[in-house]
Amino acid sequence: MIELRGISKTYKVARRNAGFAEAARALFRREYEYVRALDEVCFAVETGEMVGYIGPNGAGKSSTIKVMSGILTPDAGECTIDGLTPWKKRREHARRIGVVFGQRSQLWWDVPVVDSFELIRDIYEVDAAEYKRNLEELTELLELSQIMRTPARQLSLGQRMRCEIAASLLHSPSILFLDEPTIGLDAVSKLAVRAFIKELNARRKTTVILTTHDMNDITALCERVLLIGRGRILFDGSFGELRGLYREAPGADPNASSEELVAALYKEMKI
Amino acid sequence: MKKYLSVFRIRFIHSFQYRAAALAGVATQFAWGFMEILAFRAFYASDPAAFPMEFHELVSYIWLQQAFLAVTALWFFDADIFEAISSGGVAYELARPMNLYFMWFAKNCGTRLSRALLRCVPVLAVAFALPKPWGVSLPPDFMTFVCFLISMALAFFVVVALVMLVYVITLRSISPLGPRYFLGAISELLAGATIPLPFFPDKLRAIVELLPFASGQNAPLRIYSGNLAGAEMAQAMLMQLFWAIALTAGGMLWLRASEKKLVVQGG
């Protein structure tokens, strides 16, 4: 059970115009802007649910994931995940969750992937039997047997992402946060990742929250969609309802693709 | 505890695989060691009585310093940690059930020890084989040798704890350059890496010996040859113990406070 109530976070961002004169001026006077990344975000997710989290770039998706994984302390608000406040009980909380940051890597780049897996096993104190079972299952579902013995730096992006996802699941977390897991992947890898997430949710009842810009990820996986814009949750419901919302808008194209639909909604909501 | 040992282990094995780096390191240490010894020899030739250390003490100091460079050098950082901080990869490390300080500490210990192991064997072998007065002499007695080992271990902790402070500053400021060069430049002199501390003017030396830098290589290298003995030795080792504990505790608290304020930028 995940619950967020009134979570807010403001970032301080330095701003100046281009050029030497501006840079020189900034030596004496800095201009900062305060950007409200999260503005009273509230939502709840039940155990075993699979939720898609969408919104334009900079809307606050990653910030929300960071708050929920305990690495970002919000300015205000409460968050409880299975009874714990992530940033207050960071280590205890970390044991129960798995996180994949699609744009970063958790694998050690110049040792074989399996070495990274064993290190992660020790960090999470996974016992030998559980590790073996998980590794076998993940190897089978993500087709890792060959690539596991390769150093991470020599993997293609698709292969690496499959390993990243496996690495986040070795300790059998009950909650999985996926921050853009399909970014940059080709069609085959995308389908493989989607099929895997679906299977994981069905088999282990893992709660999954995933952020993405690919609406096909959402339609393939999630019954429920959360839409965030300028730090606020603007929509919470099924993708069908989101489609309905779009149809009511003036000038709606009934044959619009899910991509066009979302783009039109972002525009309409001015986010 | 096991998780930190695993980090240490993977780091140790990992650094062990770079053969060319080890060879280059050994060559550098030899060249540097000989150069330093020859330079000091020229000074000693003019008036051996004018110096605060016996020539054989100094030679042992230099060879041991070269052999254990990776253990005690204060300019030796783990590039992975800087990379993790500036790229935001540190997000993953924070999302794990572990203490970031211990994790980084273990990582540094692993890299340093494996490098030291690869480099110290050839350097020590040659330095022991060299004829007097160019080679390393044995310590005066067995107890001195034991004290040397303990003092070296303490120096190792002090040095890693000092370097850890640079990572914490980097975590707060993103760029590692400032603290890195600052620590690299000032500490080499104050640690006795450029010239041994006994060569400092007395008043300055009295102050420098209280600083944490002096609890690095200065203590074990002088204990080994008998330059630091008796009450002075005990005092130096207590100082080392104090700094090892104080720097570790300080760094850990500082890192914990920084974690709360940390913002990993970008998507």
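Everything numeric in this text was worked out from a predicted model, so none of it was measured.

The rules behind each value
- Residues numbered from 1 in each chain as written.
- Chains lettered and ligands numbered in written order.
- Predicted model: local features only at pLDDT ≥ 70, side-chain atom pairs only at ≥ 80, totals over all residues.
- Heavy atoms only, no water.
- Helix = DSSP H or I, 4+ residues; strand = E, 2+ residues; numbered from the N terminus.
- Buried < 20%, exposed > 50% of the residue type's maximum accessible area, 1.4 Å probe, protein only.
- Pairing = 2+ DSSP bridges.
- Phe/Tyr/Trp six-rings, centres within 6.5 Å; stacked < 30°, edge-to-face > 60°.
- Lys NZ or Arg CZ within 6 Å of the ring centre and 35° of its normal.
- Axes fitted to C-alpha atoms, helices over the stretch in contact; angles between N-to-C directions.
- Disulfide = S-S within 2.5 Å.
- Salt bridge = Lys/Arg side-chain N within 4 Å of Asp/Glu carboxyl O.

Student: Is there a simple way to think about unusual backbone geometry in this case?
Tutor: Leaving glycine aside, a negative phi is the common case for residues, and trans is the common case for peptide bonds. A cis amide bond links B:K132 with the next residue in sequence, B:P133, at an omega value of 0 degrees. With respect to the element layout, B:P133 can be found in the loop between α7 (100-129) and α8 (142-173). The phi dihedral of A:S172 is positive, around 45 degrees, even though this residue is not glycine. Along the chain, A:S172 turns up in the loop between α6 (157-167) and β6 (175-179).

Student: Explanation requested: the pairing of strand β8 (residues 224-229) of chain A in the structure shown.
Tutor: For a regular strand, side chains alternate in direction, first toward one face of the sheet and then toward the other. Residues and elements named next belong to chain A. In terms of burial, β8 is a largely internal element, six of the six residues being buried. Neither face of β8 is open: one carries R224, L226 and I228, the other V225, L227 and G229, and all of them are buried. Looking at chain direction, strand β3 (residues 50-54) and β8 are connected through four bridges and run parallel. Each bridged residue has a counterpart across the sheet, and for G52 the counterpart in β8 is V225. Two elements, β8 and strand β9 (residues 232-237), share five bridges in a ladder whose sense is antiparallel. Residue pairing in the sheet places G229 in a bridge with R232 of β9.

Student: Would you mind going over the packing of aromatic side chains with me for this structure?
Tutor: Given two aromatic rings, their pairing is described by the distance between the two centres and the angle made by the two planes. Evaluated as defined, the whole model comprises 23 aromatic pairs over all chains. Between B:F55 and B:W134 the ring centres are 6.3 Å apart and the planes differ by 90 degrees, which places this aromatic pair in the edge-to-face class. Of the two residues, B:F55 is situated in helix α3 (residues 55-67) and B:W134 in the loop between α7 and α8; the sequence distance between them amounts to 79 residues. Under the relative-accessibility criterion, B:W134 is labelled partly exposed at 29%. Counting every residue linked through ring pairs, the aromatic cluster contains B:Y4, B:Y101, B:F102, B:F105, B:F156 and B:F157. The lysine or arginine in question, A:R121, covers the ring of A:Y131, its NZ or CZ lying 5.0 Å from the ring centre.

Student: How should the sheet that holds β8(A) be read in this particular structure?
Tutor: Paired through backbone hydrogen bonds, the strands of a sheet run either parallel or antiparallel to each other. All names here are of chain A. Here we have six strands laid out as an open sheet, ordered β5-β6-β7-β3-β8-β9, and mixed in their pairing. Across the chains shown, the open sheet's two edge strands, defined by having one partner strand only, are β5 (97-101) and β9. The mean angle between the axes of side-by-side strands here comes to 15 degrees, regardless of whether they run parallel or antiparallel.

Student: What should I look at first to understand the state of the cysteines in this one?
Tutor: What we call a disulfide is simply a covalent bond connecting the sulfur atoms of a pair of cysteines. Residue and element names in this part refer to chain B. According to the stated counting rule, one finds zero disulfides over all chains in the structure shown. Here C120 is not disulfide-linked; the sulfur of C109 is the nearest cysteine sulfur, at 16 Å. A residue is classified by how much of its surface remains accessible, and C120, at 10% relative accessible area, is buried.

Student: Got a minute to help me understand the pattern of salt bridges in this structure?
Tutor: Any two side chains of opposite charge can pair, so long as their charged atoms come close to each other. Inspection of the entire model under this criterion finds 28 salt bridges over all chains. A salt bridge links A:E33 to A:R15; the nearest nitrogen and oxygen atoms lie 2.3 Å apart. Here the residue A:E33 occupies a position in strand β2 (residues 32-45), and A:R15 occupies one in the loop between β1 (2-14) and α1 (20-28), the gap between them amounting to 18 residues. What makes A:E33 partly exposed here is its relative accessible area of 38%. Taking relative accessible area as the criterion, A:R15 reaches 38% and is therefore assigned partly exposed. B:K107 is paired through a salt bridge with B:E93; the nearest N and O atoms lie 3.7 Å apart. Of this pair, B:K107 sits in helix α7 while B:E93 is found in helix α6 (residues 90-94), placing the two residues 14 residues apart along the sequence. As far as burial versus exposure is concerned, B:K107 and B:E93 are alike and both buried. The network of salt bridges with common partners includes A:E137, A:E199, A:R203 and A:R204.

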